[in-house]
Structures are given as C-alpha cells and as structure tokens.
Amino acid sequence: GTGGDFYLVKTDTNGAVLWSHAYGKAGAWMNFKSIIQTIDTGFAVSCDVQGPGGDQDILVIKIDKNGGYTWSNTYGTSGYENSGFIMQDQWGTFSLICGTDRGNGNYDMLLTTMDSAGTASSWSNYMDISSYDMVEKVSPGNDGYSFMIKGQADWKDIVIKCSTWGYVYWSK
C-alpha cells in the first residue's frame, strides 16, 4: 500500500490463510513496489520509503517462508530514488533497479547489488540513456542472470536487457 506499513498474506491454493504479517519502517511513508520469492523459498519486498527528512530511498525487506522478518536495508544516493524493483539471480545475489536523480536533477536508472544478507556491493551502475530515464517494470530473464527493464527515456517507451551485474546487452 501507500502510507505506513504494508500487509502480506500468504494463502494455500484453496485461499486458506497460511500466515499474515504487517511490515514497515517507523515514522516513514512507504509505497510498495515489488515482491519476489527468493531461492531459499522466502520472499524479498521492495518499497519506496520517505522518512521525516524528506529524502526518498528504497527499502528492501527479506522475510522467511513463514513470513518472519530476516533483515531490511535502505538503499539510495544523496538524491531521490523511486520505483525500486528487487530481483535475485540463481546464485542468490539480489539486484535492485530504481530511478534516481543522484541529486543533479537528471533522472537515470540505477542498478546496485547486495548479497543474500542484504549487504550492498561496493559498486552501482547508472544507466544514463537520456536526460529523463525512469523504471516502470522489471522482469527476470529466462537465463537466470539477466533481466528486462521496461521504462521511459525522454518520455518514450524503452526496453533494456541487462545482466545482474549491470552490463547492458541492448536497449530498444
């Protein structure tokens, strides 16, 4: 949802509730963006999050298969991040793809990775395709180590195929 906490419900194939939990960050506005099932049968959730200071970043929450909290981390630059989507490759590395202005007024796509414990890598890749780049949807590739990004470049639709480490194979 948009606002405070968000609520997840896991059901069986007949719709019977297996578990339900609320998740959030104290004192923050949140906008739920994506959820994936992780290779350990748990889940990872990404949200846009804005604290009292007004800076907007991406919050990633890792939960176990029973809905229990495992870890959470906030990722961002000195600028404004939004539309954060989380993916995981076949080796367990998480990739976070979002839009960012890096504090300079131009919007780019940002890709960063983190290990299975949520620790961010030491690098980030900015995909600066035009003066205004925005992420709208991210889907896993069929090879286990790439994904497709659907977004905007200068207000025109664009599709990008890139590796989980930020190499852009192509954009159209």
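Further up the page is the structure itself.
Read on for a plain summary of the structure. (Residues numbered from 1 in each chain as written. Predicted model: local features only at pLDDT ≥ 70, side-chain atom pairs only at ≥ 80, totals over all residues. Heavy atoms only, no water.)

## Quick look at unusual backbone geometry
Phi is mostly negative for residues that are not glycine, and the peptide bonds are mostly trans.
Here's step 1: A positive phi angle is found at Thr41, which is not glycine, with a value near 70°.
Here's step 2: Mapped onto the elements, Thr41 comes out in the loop between strand S4 (29-37) and strand S5 (43-50).
Here's step 3: The exposure class assigned to Thr41 is partly exposed, which follows from its relative accessible area of 38%.
Here's step 4: If you check the backbone angles, Trp155 has positive phi at about 70° while not being a glycine.
Here's step 5: When you line up the elements, Trp155 lands in the loop between strand S13 (146-153) and strand S14 (156-163).
Here's step 6: Overall, the relative accessible area of 63% leaves Trp155 in the exposed class. (Helix = DSSP H or I, 4+ residues; strand = E, 2+ residues; numbered from the N terminus. Buried < 20%, exposed > 50% of the residue type's maximum accessible area, 1.4 Å probe, protein only.)

## Focus: the sheet that holds strand S12 (residues 133-140)
In a beta sheet, neighbouring strands are held together by backbone hydrogen bonds and run either parallel or antiparallel to one another.
Here's step 1: The strand order across the open sheet built from four strands is S12-S13-S14-S15, with neighbouring strands paired in antiparallel fashion. Two strands in the sheet have a free side with no partner beyond their single neighbour: S12 and strand S15 (168-171). Between one strand and the next, the sheet's axes are offset by a mean angle of 25°, whatever the strand orientation. (Pairing = 2+ DSSP bridges. Axes fitted to C-alpha atoms, helices over the stretch in contact; angles between N-to-C directions.)

## Considerations on the nonpolar core
Here's step 1: In terms of nonpolar packing, the biggest core is built from 14 residues, with Ile97, Met109, Val135, Val138, Phe147, Ile149 and Ile160 touching the most fellow members.
Here's step 2: At the level of elements, strand S8 (81-88), strand S10 (108-114), S12, S13 and S14 are the ones that each hand at least two residues to this core.
Here's step 3: Look past the residues within four positions of Val135 in its chain and what remains in contact with it is Ser83, Phe85, Ile97, Cys98, Gly99, Met109, Ile149, Lys150 and Gly151.
Here's step 4: With 13 residues, the next largest nonpolar core counts Leu8, Trp19, Phe43 and Val49 among its residues. (Core = buried A, V, L, I, M, F, W, Y, C linked by side-chain atoms within 4.5 Å. Contact = heavy atoms within 4.5 Å.)

## Observations regarding the environment of Asp108
Here's step 1: Structurally, Asp108 is set in strand S10.
Here's step 2: It is 29 Å that separates the C-alpha atoms of Asp108 and Ile39, two residues lying 69 residues apart in sequence.
Here's step 3: Beyond its immediate sequence surroundings of up to four residues, Asp108 is in contact with Cys98, Gly99, Thr100, Arg102, Met127, Asp128, Ser130 and Asp133.

## Overview of the pattern of salt bridges
Here's step 1: The full count for this structure, using the stated rule, is three salt bridges.
Here's step 2: With a shortest N-O distance of 3.1 Å, Lys62 and Asp40 are connected by a salt bridge. You can see Lys62 sitting in strand S6 (residues 56-63) and its partner Asp40 sitting in the loop between S4 and S5, a full 22 residues away along the chain.
Here's step 3: Owing to a relative accessible area of 48%, Asp40 belongs among the partly exposed residues under this scheme.
Here's step 4: Across the pair Glu136 and Lys150 runs a salt bridge whose closest N-O atoms are separated by 2.5 Å. One end of the pair, Glu136, is in strand S12; the other, Lys150, is in strand S13, and 14 residues separate them in sequence. (Salt bridge = Lys/Arg side-chain N within 4 Å of Asp/Glu carboxyl O.)

## Describing the environment of Tyr126
Here's step 1: Here Tyr126 lies in strand S11 (residues 120-127).
Here's step 2: Put simply, Tyr126 and Gly166 are 40 residues apart on the chain and 8.4 Å apart in space, counted from C-alpha to C-alpha.

## Things to note about the pairing of S8
Here's step 1: Judged by how many residues are buried, S8 sits mostly within the fold: eight of eight residues are covered.
Here's step 2: Alignment of S8 against strand S9 (residues 94-100), held across six bridges, turns out to be antiparallel. By the bridge assignment, Phe85 is partnered in S9 with Ile97.
Here's step 3: Connecting S8 to the antiparallel partner S9 that follows it, the hairpin turn spans five residues, and Gly92 within it adopts a positive phi of roughly 100°.

## Remarks on the packing of aromatic side chains
Here's step 1: Counting across every chain of the model gives seven aromatic pairs.
Here's step 2: Measuring from centroid to centroid gives 6.2 Å for Trp19 and Phe43, while their planes differ by 65°, and the two rings are edge-to-face. Placement of the pair is Trp19 in strand S3 (residues 17-23) and Phe43 in strand S5, with a sequence separation of 24 residues. Each member of the pair, Trp19 as well as Phe43, is classed as buried.
Here's step 3: These aromatic residues form a ring-pair network of at least three members: Phe6, Tyr23 and Phe32.
Here's step 4: The lysine or arginine in question, Lys161, covers the ring of Tyr169, its NZ or CZ lying 5.7 Å from the ring centre.
Here's step 5: The ring of Trp170 has Lys172 sitting right over it, with the charged end atom 5.2 Å from the ring centre. (Phe/Tyr/Trp six-rings, centres within 6.5 Å; stacked < 30°, edge-to-face > 60°. Lys NZ or Arg CZ within 6 Å of the ring centre and 35° of its normal.)

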